[in-house]
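Working through the structure, step by step
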Amino acid sequence: MTAMPTDTPVPTDGADVAASRVRFLTAEPVLPGLVRGSILASWQRSRDLKVAADQVHQLYCGTPNSDTPLTTSAEPVLRTLREQLDGQPVSAILTDSSGLVLSRLTGDSAFERHLDSVQLAPGFSYAEQFVGTNGIGTALEVGGAAHVFGHEHYAEDLENLACAAVPIQHPISGRTVGAIDLTCWRRDAGSLLLTLAKTTAEQIRQAMLADAGANQLDLFQEYLRTCRRMAGAVLALDREVVMLNEFARTTLTPGDQTAMLAQAGEALTAGYRGPIVIELPTGRRARMHCRPVGHGEHPSGIVVHVKLDEPAGRHIARTVTDVANPLPGLVGTAPPWLRACHEVERLFRSAEWVAVQGEGGVGKLALLRAVQLRRQPVGRLSVLDAAEAARDTGWHERLRRAIGDADNIIISHVDTLTSTQARSLSAALQDSEDRASTGGPWVAVTLGQPAHESPAIAKLLGLFPSTVEVPPLRLHLEDLQPLVTHFLARLGHGGQLTCSPEAMQMLMRLSWPGNAEQVLQMLRQVVKHRRTGQIQPEDLPPEARAVGRRRLSPLERIERDAIVESLVDAHGNKAKAARSLEMSRATIYRKIHDYGIVSPTT
């Protein structure tokens, strides 16, 4: 039997910490040097979350799933540890990535009863948002090992305990899948409690590696071989795992990372081997050497070594946009846009469901995808379009599977649902809502700005405590220029095709009722006939010469484009353009005004 280590020194958590905790809870200043900085920061988070400091009281989340890769791999490790600690008041506790307790093995029955009294038991969550500062929740919050002794706990009920917890990372993806915690009486704790927790976490990680599938192991081994042999950026992915080496994570901007991962995904789907050359959003040229991995005709994964070239005569530097908006694949620094980005990211981090509202084409779905990619890059994301619910008989079955399997769910266009469909969706999400912070998926919905909100839609939106408004492009037009540059790179012309100041001036005059999506579609038209050099005003489609602030019907768009083309052909001569269209000069003057057409100068 292994004795509990009681080596010294141990963290000081005596009278000074107890007094500092009281001062903190009564909004008095805490004297410096008496409380560890990590503990003080956790106390602040706990207070911001309005966690009760006088007791631990939370709702039971239900019987946890005991048949997961984590629990299966951890079970023999924890069983061996329990045998070593048999008869001692020490408990080994396994949680999922949200802090939900999955299993608890305790060597002493009296100590086990005490843990029951503070709800440190399977089916309860020890995330910071529920019980405040503690080993499990704080370790998961900071993403690293944490020990909390006695009065350092935020909740008074826990002050006679000591706990040390370590997050468990998946051995292949690197994603945090859970945590291992060792808890004992405070009086029995020693500094080696955390060391033992770290050793146990590593043993579980190794067990998960041994239990991993052959395809993922092949991918991981090929990724490591490439990292050892090649300098520069290396990335690997399959349908569940994404890996980037340190060079790729620290050197490439989020936008460039996203572009390369998207290209690698396409190469994997196509089974492509060999080099691919792409232009990245920052203007750099990337030569991607692709190596499919897997057995059989269809590869299961791909490893990519990337060589980066600087375009001749150009100095590529990180832009202000890269710093101000680090969300992958997004650009823009205007305050209204950044506020929406930061608010959605904050809600994702707090696991609060959110409704994202805005006009069509403003980037609601792109924003949600970017937040998920930054904060949980290998999380399972399911995107469902509510507009398909009526015509797709399998839509509700895909929703049911997503609720059971996905980490994050995005449901777009919920404002298009009928009352019956909205009630059905509300019922499906109701059970999952209670589990959002303790194992269930994070859910976000998008909607436009309906003139009338039905009672069923209002009830559905009641499941989402916050609504974030994404501003239309006309309210942050200063972002148009970086948006054009970004879209040209996305269309495969980054660095080869730019927008001239004259053409950009024309684009800045438009009100963009279709928002960012309209910009993308306009540039799609442009690059069909202009692939290199500079985009000039004459390269822009007819709609670029109209500054009307309303959406046009299809017939009105046809008429507007015909007038613009006639004016271009007539070099701005309105009388000549009117004759070619067989309309009077009074009519063409009126329509030029109605459509907001900017006529070329004669």
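This text follows the structure it describes.
What comes next concerns the included structure.

The rules behind the values
- Residues numbered from 1 in each chain as written.
- Predicted model: local features only at pLDDT ≥ 70, side-chain atom pairs only at ≥ 80, totals over all residues.
- Heavy atoms only, no water.
- 1 Å grid on protein atoms, 1.4 Å probe; cavity = no way out; pocket = protein on both sides within 12 Å on 5 of 7 lines; lining within 4 Å.
- Points joined across faces, edges and corners; volume = space filled by probe spheres on them.
- Helix = DSSP H or I, 4+ residues; strand = E, 2+ residues; numbered from the N terminus.
- Nonpolar A, V, L, I, M, F, W, Y, C, P; charged D, E, K, R; others polar.
- Phe/Tyr/Trp six-rings, centres within 6.5 Å; stacked < 30°, edge-to-face > 60°.
- Buried < 20%, exposed > 50% of the residue type's maximum accessible area, 1.4 Å probe, protein only.
- Lys NZ or Arg CZ within 6 Å of the ring centre and 35° of its normal.
- Pairing = 2+ DSSP bridges.
- Axes fitted to C-alpha atoms, helices over the stretch in contact; angles between N-to-C directions.
- Salt bridge = Lys/Arg side-chain N within 4 Å of Asp/Glu carboxyl O.
- Polar contact = N/O pair within 3.5 Å; in protein donor to acceptor, adjacent residues only side chain to side chain.
- Contact = heavy atoms within 4.5 Å.
- Core = buried A, V, L, I, M, F, W, Y, C linked by side-chain atoms within 4.5 Å.
- Parallel < 35°, antiparallel > 145°, perpendicular 65-115°, else oblique.
- Left-handed = near helix turned anticlockwise from the far one by under 90°.

**Let's talk about empty space enclosed by the protein**
Within the structure shown, the criterion is met by 2 cavities of 30 Å³ or more. Approximately 60 Å³ is the volume found for the largest cavity. Lining of the largest cavity is provided by Leu120, Tyr126, Asn134, Ile136, His153, Leu158, Leu161, Cys163, Asp181 and Thr183. Within the residue set of the lining of the largest cavity, elements represented by two or more residues are β4 (161-169) and β5 (176-185). For the lining of the largest cavity, the per-class residue count stands at 6 nonpolar, 3 polar and 1 charged. Approximately 40 Å³ is the volume found for the second largest cavity. If you trace the second largest cavity, you find it lined by Leu81, Arg82, Leu85, Val90, Ser91, Ala92, Leu105, Thr106 and Gly107. Broken down by secondary-structure element, the contributors of at least two residues to the lining of the second largest cavity are α3 (69-84), β1 (90-96) and β2 (101-106). In terms of residue count, β1 provides more of the lining of the second largest cavity than any other element does, 3 residues in total. Taken together, the residues of the lining of the second largest cavity break down into 5 nonpolar, 3 polar and 1 charged.

**Here we look at the packing of aromatic side chains**
Taken as a whole and assessed by the stated rule, the structure comprises 5 aromatic pairs. Both rings, one in Phe24 and one in Trp43, keep their centres 5.6 Å apart while their planes meet at 45°; by these two values the pair is tilted. Taken together, the residues Phe24 in helix α1 (residues 15-25) and Trp43 in helix α2 (residues 37-48) connect sequence positions 19 residues apart. Of the residues examined, Phe24 reaches a relative accessible area of 6% and is grouped as buried. The ring centre of Phe24 lies 3.9 Å from the NZ or CZ of Arg47, which sits over that ring.

**Quick look at unusual backbone geometry**
Notably, Trp512 is not glycine yet its phi reads approximately 50°, a positive angle. Among the structural elements, Trp512 can be located in the loop between α18 (501-508) and α19 (515-526). The exposure class of Trp512 is buried, given its relative accessible area of 1%. Positioned with a positive phi, Glu582 is a non-glycine residue whose angle comes to about 60°. Inspection of the secondary structure assignment puts Glu582 in the loop between α21 (574-581) and α22 (585-595).

**Looking at the sheet that holds strand β12 (residues 381-385)**
Spatially, β12-β13-β14-β11-β15 is the arrangement adopted by the 5 strands of the open sheet, whose pairing is parallel. Every interior strand has two partners, whereas the edge strands, β12 and β15 (466-469), have only one. Pairs of neighbouring strands in the sheet enclose a mean axial angle of 20°, with direction left out of account. Pairing between strand β11 (residues 354-357) and β15: 4 bridges, direction parallel. In the strand pairing of β15, Ala355 is matched with Thr467.

**Focus on the sheet that holds β5**
Spatially, β2-β1-β5-β4-β3 is the arrangement adopted by the 5 strands of the open sheet, whose pairing is antiparallel. If you trace the sheet from one side to the other, it starts and ends with β2 and β3 (146-149), each paired once. Neighbour to neighbour, the strand axes of the sheet diverge by 15° on average, direction disregarded. Pairing of β1 with β2 involves 5 bridges; the strand directions are antiparallel.

**Quick notes on the pattern of salt bridges**
For the structure on display, the rule yields 18 salt bridges. Glu202 serves as the salt-bridge partner of Arg205, at 3.1 Å between the closest nitrogen and oxygen. Note that Arg205 and Glu202 are positioned in helix α7 (residues 192-211) at a spacing of 3 residues, about one turn of the helix. Taking the relative accessible area as the measure of exposure, Arg205 reaches 25% and is therefore partly exposed. Note on Glu202: relative accessible area 35%, which makes it partly exposed.

**Some words on the side chain of Thr200**
Examined against the element boundaries, Thr200 turns out to sit in helix α7. Residue class for Thr200 comes out buried when judged on its relative accessible area of 2%. Reaching out from Thr200, the side chain makes a polar contact with the backbone oxygen of Leu196 at a distance of 2.9 Å. Once you skip the residues sitting within four places of it in the chain, Thr200 turns out to touch Val77, Leu78, Leu81 and Ile180.

**Focus on the environment of Ala164**
Residue placement: Ala164 occurs in strand β4. A C-alpha to C-alpha distance of 6.5 Å links Ala164 and Val148, two positions 16 residues apart in sequence. Ignoring sequence-local partners within four residues, the contact set of Ala164 consists of Ala146, His147, Ile180, Asp181, Leu182, Leu193, Leu194 and Ala197.

**Considering the nonpolar core**
Residues Ile411, Val414, Leu417, Leu425, Leu429 and Phe464 are the most contacted members of the largest nonpolar core, which totals 46 residues. Here the element with the most residues in this core is helix α12 (residues 335-349); it accounts for 6 residues. In contact with Phe464, not counting residues within four places along its chain, are Trp353, Val354, Ala355, Leu429, Val443, Ala444 and Val445. Counting residues in hydrophobic clusters, the runner-up holds 27 residues, among them Phe149, Ala162, Cys184 and Leu193.

**Looking at the packing of helix α17 (residues 480-490) against α19**
It is at 10 Å that the axes of α17 and α19 come closest, and there the two elements cross at 50°. Our classification of the angle between α17 and α19 gives oblique. Crossing handedness for the pair α17 and α19: right-handed. Across the interface between the two elements, Leu480, Leu483, Val484, Phe487, Leu488 and Arg490 of α17 pack against Ala516, Val519, Leu520 and Leu523 of α19.

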